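Tertiary structure, described
Here's the letter readout for the chains.
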Amino acid sequence: MFKSGVGFFALFGLGWWLLATSASDGTARLVEVVIGCAIALALMLAARRFLPSSAGDPFPTDRRRRFNQINGLQWLLIVLIAVVCARAGLPVLIPPLVAMVVGLHFLPLAAVFEQPRLRVPAALLIVAGASGTAVWFMNGSDEAVRFVVGATSALCLWGMAAWVVTGAASAARRGARE
């Protein structure tokens, strides 16, 4: 489930969703959090049910090393963004800039895993970050920036997880008919 990416998409989608819900208060936020947890859980359960057991096979050493390098660079950039934005007094820009970095990190991963469809979340996360930045430039509230970036990023990652699961379920149905 995590090797296929669904677990990562589901859980990181939940993280972005929690950022989006920070724009709400009280009962509305509680309901939004419960909905987000239910979506993430449903995606992981669907992955467990529909993905083949081979989806959990370990990566070959060269792919694992490249994956680790790409992710290491991504996290280094995220920490750098957080430090620079905090020191500049612009913490509102952390989520949009992080979304762009996360989106960009999917581009080399698409090549590493030979999964061109990873370009889709790359583009959508970059758009999410750019949209949040645009909201900020238009004097939108911090809450609006967090909502735009968080909701768009969450829906993108959850959509990607659903795409993987439905593709596996569809392939299984085709195989059962043959």
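In this text, all values refer to a predicted model and were calculated from it rather than measured experimentally.

Conventions adopted
- Residues numbered from 1 in each chain as written.
- Predicted model: local features only at pLDDT ≥ 70, side-chain atom pairs only at ≥ 80, totals over all residues.
- Heavy atoms only, no water.
- Helix = DSSP H or I, 4+ residues; strand = E, 2+ residues; numbered from the N terminus.
- Buried < 20%, exposed > 50% of the residue type's maximum accessible area, 1.4 Å probe, protein only.
- Contact = heavy atoms within 4.5 Å.
- Areas by Shrake-Rupley, 256 points an atom, 1.4 Å probe, with all protein chains shown as cover.
- Expected span 1.5 Å × (residues − 1).
- Axes fitted to C-alpha atoms, helices over the stretch in contact; angles between N-to-C directions.
- Parallel < 35°, antiparallel > 145°, perpendicular 65-115°, else oblique.
- Left-handed = near helix turned anticlockwise from the far one by under 90°.
- Nonpolar A, V, L, I, M, F, W, Y, C, P; charged D, E, K, R; others polar.
- Core = buried A, V, L, I, M, F, W, Y, C linked by side-chain atoms within 4.5 Å.
- Salt bridge = Lys/Arg side-chain N within 4 Å of Asp/Glu carboxyl O.

**Describing the overall build of the protein chain**
- Helix and strand content of the protein chain: six helices and zero strands.
- Put simply, the protein chain runs from its N terminus to its C terminus through helices and strands in the order α-α-α-α-α-α.
- When the 178 residues of the protein chain are sorted by exposure, 37% land in the buried category.
- Across the protein chain, contacts joining residues at least 24 apart in sequence account for 72% of those joining residues at least 6 apart.
- Roughly 9,800 Å² of accessible area belongs to the protein chain as shown, and the carbon and sulfur atoms make up 67% of that amount.

**A word on helix 2 (residues 26-50)**
- For helix 2, with 25 residues, the first-to-last C-alpha span of 36 Å sits near the 36 Å given by 1.5 Å per residue.
- All buried positions along helix 2 are accounted for by Gly 36, Ala 40, Leu 43, Met 44 and Ala 47.

**Some words on the packing of helix 4 (residues 94-112) against helix 5 (residues 119-137)**
- In the contact formed by helix 4 and helix 5, the axes pass within 7 Å of each other and the chain directions differ by 165°. The orientation of helix 4 with respect to helix 5, classified from their angle, is roughly antiparallel. The interaxial crossing formed by helix 4 with helix 5 has left-handed handedness. Facing Pro 96, Ala 99, Met 100, Val 102, Gly 103, Leu 104, Phe 106, Leu 107 and Ala 110 of helix 4, the residues of helix 5 in contact are Arg 119, Pro 121, Ala 122, Leu 125, Ile 126, Gly 129, Ala 130, Gly 132 and Thr 133.
- Split into classes, the residues belonging to the contact of helix 4 with helix 5 amount to 13 nonpolar, four polar and one charged.

**Some details on the environment of Trp 136**
- Structurally, Trp 136 is set in helix 5.
- Judged by its relative accessible area of 24%, Trp 136 falls in the partly exposed class.
- A sequence separation of 44 residues divides Trp 136 from Val 92, and the C-alpha atoms of the two residues are 8.0 Å apart.
- Those residues within four positions of Trp 136 in sequence are excluded, and the remaining contacts are Leu 90, Val 92, Leu 93 and Val 145.

**What to know about the nonpolar core**
- With 43 residues, the main nonpolar core has Phe 9, Phe 106 and Leu 118 as its most contacted residues.
- The set of elements that each furnish at least two residues to this core consists of helix 1 (6-21), helix 2, helix 3 (61-87), helix 4, helix 5 and helix 6 (142-177).
- Of the residues forming this core, the biggest block, eleven residues, is contributed by helix 6.

**What to know about helix 3**
- Between the first and last C-alpha of helix 3 there are 39 Å, a value that for 27 residues agrees with the 39 Å anticipated at 1.5 Å per step.
- On its buried face, helix 3 sits against helix 4.
- Directly after helix 3, the chain includes Gly 89, whose backbone phi takes a positive value near 75°.

**Things to note about unusual backbone geometry**
- Although it is not a glycine, Glu 114 adopts a positive phi angle of roughly 55°.
- Position of Glu 114 among the secondary structure elements: in the loop between helix 4 and helix 5.
- The phi dihedral of Asn 139 is positive, around 65°, even though this residue is not glycine.
- Mapped onto the elements of the fold, Asn 139 is located in the loop between helix 5 and helix 6.

**Quick word on the pattern of salt bridges**
- For the structure on display, the rule yields one salt bridge.
- With a shortest N-O distance of 3.1 Å, Arg 63 and Glu 114 are connected by a salt bridge. Taken as a pair, Arg 63 in helix 3 and Glu 114 in the loop between helix 4 and helix 5 lie far apart in primary sequence, 51 residues in all.
- Exposure remark for Arg 63: the relative accessible area of 25% places this residue in the partly exposed category.
- Judged by relative accessible area, Glu 114 falls into the exposed class, the value being 57%.

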